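Listed here are the chains, written in short residue letters.
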Amino acid sequence: MKLKFKLAISLILVLLLCAVTASAQPETAQVSRNAQSATPEGEQWQFSAEKVVAEHDSEYVQAYGNVTFRKGKNFLKADFARFYQATKWVYLKGNVQARWEGDFYNAAEAEFDLKEMVGWLKKGRVFVASPHVYFESEFIEKHNGATYSFKDAKVTACDGENPLWSFESSEGDITINGYANLWHSKFNIKGVPVMYTPYMNLPVKRKRQSGVLTPEVGTSDRLGAKASIPYYWAINDEMDATFYAEYYGKRGFRPGVDFRHSEDVNTKGEWRADWIYDSKAYTSEDDDDNPFTDDGLTRDNHNRWWIRSKYNGYIGSPEWQTFLDIDVVSDQDYLREFKHGANGYENTREEFLEEFGRDIQTADAQNRTSTALVSRSWDKYAVSAKVQYTDNLKYRNGNNPTSKDPTLQKLPQVDFYAFKDVIPGTPLEWEGSLRGDYFWREYGMSGGRIDMNPVVSMPLDAGMVTFIPRAGFRATSYMVGSYQNASSDIRRDTMQGRFLGEAGISAFSEFYRVFDLNSDPAANAENVGSSNWLSLKHSIIPRLDYDWVQDDPDQEKLPYFDSRDRITARNDITFSLTNVFDRKAATVVEGPDGTPIVNTEYLEFLRVRLEQGYDIDEARRTVERDEYERRPFSDTMAEVLLTPLDWASLRSRTWFSPYLGDITEHENVLKLFHDNYGYVLFGYDYLREIDEYKRQENDEMQVVRYEAKARLPYGFVVGGEFRSDLNKEIDLEKTATLGWNHQCFSLEFVASKTTIDERYSLNFNLFTMGMY
């Protein structure tokens, strides 16, 4: 009995995988199936095997059958293992499998240092889960860090024994936090060599990695054949850049750069620029090659460029936020011609919106605005200051003399805001704004303006209805330095002012009722996936608003810089009625431990709003009665937001004139979508020609839009977009795409025709490699 006790103690010490010598025991000791032990304090390796043999003076322990070493999520498995106690090396043979820090290994033989996790594999295969790369070789050596070297290796991102594509290399190395360097490489398609290179450098990094990105090729009627090779430079953890080398057969070479940085959570920026010496120029609007003949402008410049950026940061402290938007372009046509591609207008706009949430002007806008802003907010107050410069493209490239440019510049604009707050000791609330501007023009009026607008309100709760009366004023002072090009109606006084009163009242309420529909589904295995609507809540929200702003005809004599200088008089009532439908649903799902549970969720699936206004001043109007009859009632607006299911949504807004007895405007979008199958989108916009005293629309417009994408079996993807102006009987855009998403690459063909161009492009991308 004493001998057996000593044997058990000895076996535990040996199997702890620490540096100890074997105790004096019989010549061999065996451990039965699933014998296990734990490592000493400070180490985490766990060990199990069907059979363990330890000789009394041996430097190693041998294990047979389902040998497993485990440390957290990392493990080593083999049919046979020999563990060297002094060095912590382990030799593995037979069906060797391993996982280390997310990478997976298979080999016939392997040897590892359990302290440093360095070693080698024979007839080995390594799978790097991120970014999904396999490499296999007769001999793979794992070095410190996550670096591998090998000879006669195959590298691919494709699953399977016979990958669709692969690189075969006589020797190379891979640093998972760096590159794959391959010497004397062949690029194979289904095992057939199609290309040879003496050296290749592939980005196979978990983090951002420098390297060549996916090239773009295509053709366009206006620009000619296109080839673009972008290069990505991972400067450091906080900065990177993409360099674009684009060539257009009919236009020339167009280099570009996109520099990004993010020093901390409060700071990030993106700075982009490109340039081309264009072989084409249009010295006359009637030039046959000029597609833009509707703006009265020419383009005689060959040097063409676009500089744009977005920046978020702070000055001194994160509370003082700074924002910078730059948008400067060489001519009015540049963005309309270079819209597509990774360095085009559309991609730039999408990136700016996604990363910064701030838009840029449309591609055909003739004014490009750049802004620098500094702001800070407190609990009750906020302050901001900005400088804004607008570049009017009508005065570039000799179209009009720059000395006659009337474009307004704000240099600077300072705002102070007081958020709504209670006036101490009273039931009143107040809020207000104060703005100071200095306006400058190359040609036209320049000067300063201070505008103040405080408002006082008093919420009143009268049972089911809430009333909020309010009153305020607007006081404005002008300090004019130049009246150049000013209208003869404007007074020429250096100092001028304005005072306008305003008032109003809002009344609103909310009524609702909850309708019980079903009971909770039973939480059992048979009901997993089933769902019931438990209840429906219907809310009715009526609202009535009255707004009055003093009419001051003398405003026409004041300086005019922007719309704030001509405040429109108001004396109108607006009534709206909103119906909101919310549903409560219960779904039986599997809980974290696999036990069925009931999950409850809420969804506003339908909102219907009706709105109409009544203009009291229009009902009393006496001028121009012979030409325009009084029409005090506004159009009735009906808005529907419908999301009945997870895969369908409808947004519809329609305006109906009670005087014309017809619809004056439509905005409709219906979208059906599914993450696995694609989506279908239908859009219809309509604007009627109108001639009324208060509004004029000179052109009728009807635009339809259809867009779809379908994910088909075997990885195929088809899509398209169609936009047409029904009134002018012109197709604005027709685009068709055909793609194929394989497990390890994607291929997409795009054909597009617009009113100014016809283009075709082919995009090919090897997944995870970022190059071809």
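Quick note: structure is the one above.
Residues numbered from 1 in each chain as written. Predicted model: local features only at pLDDT ≥ 70, side-chain atom pairs only at ≥ 80, totals over all residues. Heavy atoms only, no water.

K.L.:
Give me the overall build of the protein: which residues, what numbers.
P.N.:
Within the protein, the regular secondary structure consists of four helices and 44 strands. Relative to its 772 residues, the protein shows a buried fraction of 40%. Partitioning the intrachain contacts of the protein with sequence separation of at least 6 by distance along the chain shows that 47% fall at a separation of at least 24. (Helix = DSSP H or I, 4+ residues; strand = E, 2+ residues; numbered from the N terminus. Buried < 20%, exposed > 50% of the residue type's maximum accessible area, 1.4 Å probe, protein only. Contact = heavy atoms within 4.5 Å.)

K.L.:
I'd like a rundown of the side chain of Glu 733, residues and numbers included.
P.N.:
Tracing the chain through its elements places Glu 733 in strand β42 (residues 730-741). Taking relative accessible area as the criterion, Glu 733 reaches 15% and is therefore assigned buried. Polar contacts involving the side chain of Glu 733 include one to the side chain of Thr 735, which spans 2.9 Å. The residues contacting Glu 733, other than those within four sequence positions of it, are Glu 721, Phe 722, Arg 723, Ser 752, Lys 753 and Thr 754. (Polar contact = N/O pair within 3.5 Å; in protein donor to acceptor, adjacent residues only side chain to side chain.)

K.L.:
Explain the pattern of salt bridges to me, using residue names and the numbers behind them.
P.N.:
The full count for this structure, using the stated rule, is 57 salt bridges. Here Asp 451 ties to Arg 498 by a salt bridge, and the two come within 3.6 Å at their closest N and O atoms. In this pair, Asp 451 sits in strand β26 (residues 446-457) while Arg 498 sits in strand β29 (residues 495-509), placing the two residues 47 residues apart along the sequence. Owing to a relative accessible area of 5%, Arg 498 belongs among the buried residues under this scheme. The closest approach of N and O atoms between Arg 609 and Glu 639, which form a salt bridge, is 3.4 Å. Taken together, the residues span a long stretch of sequence, with Arg 609 in strand β33 (residues 596-615) and Glu 639 in strand β34 (residues 636-645) at a distance of 30 residues. Salt bridges sharing partners connect three or more residues here, namely Asp 240, Asp 258, Arg 260, Glu 270, Arg 272 and Glu 351. (Salt bridge = Lys/Arg side-chain N within 4 Å of Asp/Glu carboxyl O.)

K.L.:
Summarise the state of the cysteines; cite the residues concerned and give the values.
P.N.:
Summed over all chains, the structure comprises one disulfide. Between the sulfur of Cys 158 and that of Cys 744 lies a disulfide, 1.8 Å long from S to S. Sign of the S-S torsion, about 75° for the bond between Cys 158 and Cys 744, identifies this disulfide as right-handed. A residue pair is termed long-range when its members are at least 10 positions apart, and Cys 158 in the loop between β10 (147-156) and β11 (165-175) and Cys 744 in the loop between β42 and β43 (745-754) qualify at 586 residues. (Disulfide = S-S within 2.5 Å.)

K.L.:
Please give an account of the nonpolar core that cites residues and values.
P.N.:
Counting 47 residues, the largest nonpolar core has Phe 69, Leu 76, Val 90, Leu 92, Phe 135 and Trp 165 as the members making the most contacts within it. For this core, the element with the most residues is strand β6 (residues 89-100), which contributes five residues. Excluding its chain neighbours within four sequence positions, the residues that come into contact with Phe 135 are Gly 124, Arg 125, Val 126, Val 128, Ile 140, Tyr 148, Phe 150, Lys 154, Val 155 and Ile 174. In terms of nonpolar packing, the next biggest core, distinct from the first, is built from 14 residues, Leu 335, Tyr 345, Phe 352 and Ala 363 among them. (Core = buried A, V, L, I, M, F, W, Y, C linked by side-chain atoms within 4.5 Å.)

K.L.:
How would you sum up the pairing of strand β21 (residues 317-329)? Please name residues and give values.
P.N.:
Successive residues of a regular strand alternate their side chains across the two faces of the sheet. When strand β20 (residues 303-315) meets β21, the two strands line up antiparallel, connected through ten bridges. What sits directly across from Trp 306, in β21, is Val 329. Where β21 meets strand β22 (residues 367-377), five bridges bridge the pair, whose relative direction is antiparallel. Bridge pairing links Phe 323 to Leu 373 in β22. (Pairing = 2+ DSSP bridges.)

K.L.:
Account for a nonpolar patch on the surface, with residues named and values stated.
P.N.:
A grouping of Val 217, Leu 712, Tyr 714, Phe 716, Val 718, Leu 738, Leu 747, Phe 749, Tyr 760 and Leu 762 is seen on the molecular surface, where their side chains present a nonpolar patch of about 900 Å² in accessible area. Every element with two or more residues in the nonpolar patch is listed here: β41 (716-725), β43 and β44 (758-766). The topology assignment puts Tyr 714 in the loop between β40 (701-711) and β41. (Patch = residues over 30% accessible without salt bridge, like charges linked within 9 Å, V, L, I, M, F, W, Y side chains within 5 Å. Areas by Shrake-Rupley, 256 points an atom, 1.4 Å probe, with all protein chains shown as cover.)

K.L.:
Describe in detail the packing of aromatic side chains, supporting the description with residues and values.
P.N.:
The tally for this structure, following the rule as stated, stands at 33 aromatic pairs. Seen in terms of ring centroids, Trp 165 and Phe 167 are 5.8 Å apart; in terms of plane orientation they differ by 75°. Their pairing is edge-to-face. We classify Trp 165 as buried; its relative accessible area is 3%. Ring-pair connections join several aromatic residues into one group, and the members of that group are Tyr 105, Phe 112, Phe 135, Tyr 148 and Phe 150. (Phe/Tyr/Trp six-rings, centres within 6.5 Å; stacked < 30°, edge-to-face > 60°.)

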